[in-house]
Amino acid sequence: MSTETLDLEEQVVLLLAQVREELLNRLRYSSVSHDNNLYTQLSEHPEDDWVAYLREKAGPSYKELVDKLERLEAAQCQFDLGLFGFCSDCEEPIEDELLEHDVTTQRCKKCESLVKAREQ
Ligand SMILES: [Zn+2]
């Protein structure tokens with residue numbers, strides 16, 4: 001395993017911890033009592049269940065953070081399976097610069113541009 005791969009894996013672990021902490025803090029100190037209740041319930045849930053739980057219970061203002069958490073969990077899972085850094089569409093290695101920019105990148109440049117073209 002190259003040092004580069006290790007760095008990215010460390011990044012994922014670090015970002016995961018940050019996003020989870022941010023979610024907890026936002027719920028805990030929210031002025032909405034529903035959010036405060038969620039905070040209490042979330043602390044009793046295993047971290048692996050947070051995404052599914054928050055998708056169901058948390059308001060739309062949390063969507064971005066939950067999406068980020070989900071992408072990071074997927075990246076961590078791919079590390080565990082030895083599949084990290086491969087394009088989800090064509091299975092070719094994703095360009096290093098893309099992964100360095102965003103460690104949760106799921107597609108290589110070529111496939112990403114195809115997806116973008118389709119969306120327009
Ligand atoms: Zn691809």
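Scroll up to find the structure.
Because the structure is predicted, anything quoted here is derived from the model rather than measured.

With that settled, the discussion passes to a negative patch on the surface. A surface patch of negative charge is lined by Asp7, Glu10, Asp96 and Glu100. For the negative patch, the secondary-structure elements that each account for two or more residues are helix 1 (3–28) and helix 5 (96–101). Tracing the backbone through its elements, the reader meets aspartate 7 in helix 1. Aspartate 7 gets classed as partly exposed once you look at its relative accessible area, which sits at 44%.

Reference values for angles at a metal are 109.5 degrees in the four-donor tetrahedral case and 90 or 180 degrees in the six-donor octahedral case. Taken together, Cys87 (SG), Cys90 (SG), Cys108 (SG) and Cys111 (SG) make up the full set of protein donors to the zinc ion, lying 2.3 Å away. Here the zinc ion is ringed by four donor atoms whose angles at the metal span 106 to 118°, and the overall shape comes out tetrahedral. Donor residues binding the zinc ion come from one chain and are separated in sequence as C-x2-C-x17-C-x2-C. Of this pair, cysteine 90 sits in the loop between helix 4 (63–81) and helix 5 while cysteine 111 sits in helix 6 (residues 109–119), and the two are 21 residues apart along the sequence. On the accessibility criterion, cysteine 90 (28% relative accessible area) is partly exposed. For cysteine 111, a relative accessible area of 7% translates into the label buried.

Turning next to the pattern of salt bridges. If you walk through the whole model with that rule in mind, you get nine salt bridges. Where arginine 20 meets glutamate 73, a salt bridge forms, and the shortest distance between an N and an O atom there is 3.0 Å. Within this pair, whereas arginine 20 is found in helix 1, its partner glutamate 73 is found in helix 4, the two being separated by 53 residues in sequence. Take arginine 20 and glutamate 73: they sit in the same class, and that class is buried. Salt-bridge contacts for glutamate 97 lead to lysine 109; the nearest nitrogen and oxygen are separated by 3.4 Å. Taken as a pair, glutamate 97 in helix 5 and lysine 109 in helix 6 lie far apart in primary sequence, 12 residues in all. Bridged by salt links that share partners, the residues Arg55, Lys63, Asp67 and Glu70 form one connected network.

Right, let's talk about the packing of aromatic side chains for a bit. Scanning all chains against the criterion turns up one aromatic pair. A ring pair is formed by phenylalanine 79 and phenylalanine 84, whose centres lie 3.9 Å apart and whose planes are at 10°; its orientation type is stacked. You'll find phenylalanine 79 and phenylalanine 84 in the same group, each marked buried. Directly above the aromatic system of tyrosine 62 lies the positively charged group of arginine 26, at a separation of 4.6 Å from the ring centroid.

What counts, and at which threshold
Residues numbered from 1 in each chain as written. Predicted model: local features only at pLDDT ≥ 70, side-chain atom pairs only at ≥ 80, totals over all residues. Heavy atoms only, no water. Patch = residues over 30% accessible without salt bridge, like charges linked within 9 Å, V, L, I, M, F, W, Y side chains within 5 Å. Areas by Shrake-Rupley, 256 points an atom, 1.4 Å probe, with all protein chains shown as cover. Salt bridge = Lys/Arg side-chain N within 4 Å of Asp/Glu carboxyl O. Lys, Arg positive; Asp, Glu negative; His and termini not counted. Charge placed at Lys NZ, Arg CZ, Asp CG, Glu CD. Helix = DSSP H or I, 4+ residues; strand = E, 2+ residues; numbered from the N terminus. Buried < 20%, exposed > 50% of the residue type's maximum accessible area, 1.4 Å probe, protein only. Donors = N, O, S within 2.8 Å, 3.2 Å for Na, K, Ca; no water. Tetrahedral: all angles 85-135°; square planar, octahedral: opposite > 155°, others 65-115°. Phe/Tyr/Trp six-rings, centres within 6.5 Å; stacked < 30°, edge-to-face > 60°. Lys NZ or Arg CZ within 6 Å of the ring centre and 35° of its normal.

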